[in-house]
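A look at the structure
Residue strings, one per chain:
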Amino acid sequence: MENGAAQPVIVAIDGPSGTGKSSTSKAVAAQLGLSYLDTGAQYRAITWWMVSNGIDIDDPTAIAAVAGKPEIVSGTDPADPTITVDGTDVAGPIRTPEVTSKVSAVSAVPEVRARITELQRSLAASAERGIVVEGRDIGTTVLPDADLKIFLTASAEARAARRSGELKGADVQSTREALIKRDAADSSRKTSPLAKADDAVEVDTTELTLAQVIECVVTLVGEKRAVK
Ligand SMILES: Nc1ncnc2c1ncn2[C@@H]1O[C@H](COP(=O)(O)OP(=O)(O)O)[C@@H](O)[C@H]1O
Ligand SMILES: Nc1ccn([C@H]2C[C@H](O)[C@@H](COP(=O)(O)OP(=O)(O)O)O2)c(=O)n1
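Residues numbered from 1 in each chain as written. Chains lettered and ligands numbered in written order. Predicted model: local features only at pLDDT ≥ 70, side-chain atom pairs only at ≥ 80, totals over all residues. Heavy atoms only, no water.

Regarding the pairing of strand S2 (residues 35-38)
On a regular strand, each side chain points to the face opposite its neighbour's, so the side chains alternate between the two faces of the sheet. Keep this limit in mind: Under the scheme applied here, a residue whose accessible area is under 20% of the maximum for its type counts as buried, over 50% as exposed, and between as partly exposed, the area being computed with a 1.4 Å probe on protein chains only. Numbering of helices and strands starts at the N terminus; helices are DSSP runs of H or I of at least 4 residues and strands are runs of E of at least 2. At least two bridges found by DSSP between two strands is the condition for calling them paired.
Burial along S2 is two-sided: the face carrying Ser-35 and Leu-37 and the face carrying Tyr-36 and Asp-38 are both buried. Relative to strand S6 (residues 130-135), S2 runs parallel, the two being bridged by 4 bridges. Bridge pairing in S6 links Ser-35 to Ile-131.

Right, dumping it as structure tokens:
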């Protein structure tokens, strides 16, 4: 179509922890004037609520029974992404080691995924200019008709070094082990595991700077828009 640039564009960016999904997605969305959604933050938010309300994380039935209770709201401006649970700003609390260690168990529960997937689809549908959505199952399950699907990878060493740089003073070796453990849990769950969609473009970011990854994705979006 001639005026393809005016069409909303949906970009799905998936991959394991520390591959650069959040940084890349935010920058691409800001550069192209699109909305941005961090779906990991939504799973972290529901996990924070479960922990705060004393729900037994080892009991999927207990988690499923209350999965519909918390109201999770995501602000999708890439310059100021926000996340609230029942009106409380949880941007800080959802990044604690406790939530990080429990999020894989909570996000494996099908009722939790159904609830969060519905929120994600409705945010994507209402993004007027389009949206960059990042997570683990966006290209495979949440938005299988996305205009562009990217799957980011990087070596476990690079990912651990990036993450421990963020968590000031964190030991690289234990960060690496925790990442590998979470990847294994996220990739092996029955419902909507971490996986590359068949039609996703895989980008190995191990040897790339963040700026190079952003440029690569912006170029790919431009190519998709040109043929839309
Ligand atoms: N290509 C890259 N090279 C070096 N550091 C990077 C690169 N991409 C991201 N980072 C840094 O790695 C850390 C994790 O990135 P993030 O975007 O949060 O990854 P993810 O969302 O996949 O977990 C951040 O501190 C980010 O600045
Ligand atoms: N689409 C998604 C996004 C995240 N999750 C789950 C699994 C992940 O380990 C957690 C946290 O995701 P998040 O993107 O915040 O994790 P990192 O920033 O990579 O450490 O949420 C998911 O199951 N599906």
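A few points about the sheet that holds strand S7 (residues 148-153)
In any sheet, the strands associate via hydrogen bonds between backbone groups, in a parallel or an antiparallel arrangement. How we decide: Axis lines are fitted through C-alpha atoms, for helices just across the contact stretch, and the angle between N-to-C directions can take any value from 0 to 180 degrees. The contact criterion used is simple: two residues touch if any of their non-hydrogen atoms lie within 4.5 Å.
Taken together, the 5 strands give an open sheet; going across it, the order is S2-S6-S1-S7-S8, and neighbouring strands pair in parallel fashion. The open sheet terminates on both sides in strands that have one partner only, identified here as S2 and strand S8 (201-204). Adjacent strand axes in the sheet meet at a mean angle of 20°, parallel and antiparallel pairs treated alike. Pairing of S7 with S8, which is carried by 4 bridges, proceeds in the parallel orientation. In the sheet register, Phe-151 faces S8, and the bridge partner there is Glu-202. Against the sheet, helix H1 (residues 21-32) touches strand S1 (9-14), S2, S6 and S7, its axis set at about 175° to S6.

Overview of unusual backbone geometry
One non-glycine residue, Asp-86, lies in positive phi territory at about 50°. Position of Asp-86 among the secondary structure elements: in the loop between strand S4 (82-85) and strand S5 (88-89). Positive phi, close to 50°, is recorded for Ser-192, a residue that is not glycine. The class of Ser-192 is buried, set by a relative accessible area of 13%.

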